[in-house]
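Descriptive analysis of the structure
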Amino acid sequence: MKTQYLSYSLLWRNIHITIRYTASYVTMTDLAHLEILVQNRQPIPITNTGYRSHFCNPVEIDDYGGPVPYVQARLEAEVTQARRKEKERELSELRLFDM
């Protein structure tokens, strides 16, 4: 039997993203599958290629309220982490001049 996917659209910072999701990738297991496809294969914080395949327990997706809020949360978390790393790098460079 072929795995059935639901398809969702997300517009994130003017970038069109398609999310394909199945809560039951393998019959009788707790294995969900998310596919994230970015229009024109644009890089986004969670993929440099415009495509991402992610396997997890479906409870992980449900805890966020579904596939769309899950992907939005992952994107924002990556942006926040990148900003934090950039800020740390800037502070580190400033300390070099304080010597």
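Check the entry above for the structure.
In short, a report on the structure. (Residues numbered from 1 in each chain as written. Predicted model: local features only at pLDDT ≥ 70, side-chain atom pairs only at ≥ 80, totals over all residues. Heavy atoms only, no water.)

As summarised here, the arrangement of the four strands in space is 1-2-3-4, forming an open sheet in which the pairing is antiparallel. At either margin of the open sheet sits one strand with a lone partner, and together these are strand 1 (6-12) and strand 4 (51-56). Direction aside, the axes of adjacent strands within the sheet are offset by 20° on average. When strand 1 meets strand 2 (residues 15-22), the two strands line up antiparallel, connected through seven bridges. In the strand pairing of strand 2, Tyr8 is matched with Ile19. (Pairing = 2+ DSSP bridges. Helix = DSSP H or I, 4+ residues; strand = E, 2+ residues; numbered from the N terminus. Axes fitted to C-alpha atoms, helices over the stretch in contact; angles between N-to-C directions.)

Our next topic: the pattern of salt bridges. Summed over the entire model, instances satisfying the criterion amount to three salt bridges. The shortest N-O distance in the salt bridge between Glu35 and Arg20 comes to 2.3 Å. With Glu35 in strand 3 (residues 32-38) and Arg20 in strand 2, the pair connects residues that are 15 residues apart, well separated along the chain. For Arg20, a relative accessible area of 29% corresponds to the partly exposed category. (Salt bridge = Lys/Arg side-chain N within 4 Å of Asp/Glu carboxyl O. Buried < 20%, exposed > 50% of the residue type's maximum accessible area, 1.4 Å probe, protein only.)

This paragraph deals with unusual backbone geometry. Unlike most non-glycine residues, Asn14 shows phi in positive territory, near 65°. Mapped onto the secondary structure, Asn14 falls in the loop between strand 1 and strand 2. Of the residues examined, Asn14 reaches a relative accessible area of 69% and is grouped as exposed. Located in the positive-phi region is Asn40, a residue other than glycine, with phi close to 60°. Here Asn40 shows up in the loop between strand 3 and strand 4.

Relative to the elements of secondary structure, Asn57 occurs in the loop between strand 4 and helix 1 (58-62). Asn57 sits in the partly exposed class, given a relative accessible area of 33%. For the pair Asn57 and Ser24, spaced 33 residues apart in sequence, the C-alpha separation works out to 9.2 Å. The contacts of Asn57, once residues within four sequence positions are left out, are Asp30 and Ala32. At 2.9 Å, the side chain of Asn57 and the backbone nitrogen of Val59 are in polar contact. (Contact = heavy atoms within 4.5 Å. Polar contact = N/O pair within 3.5 Å; in protein donor to acceptor, adjacent residues only side chain to side chain.)

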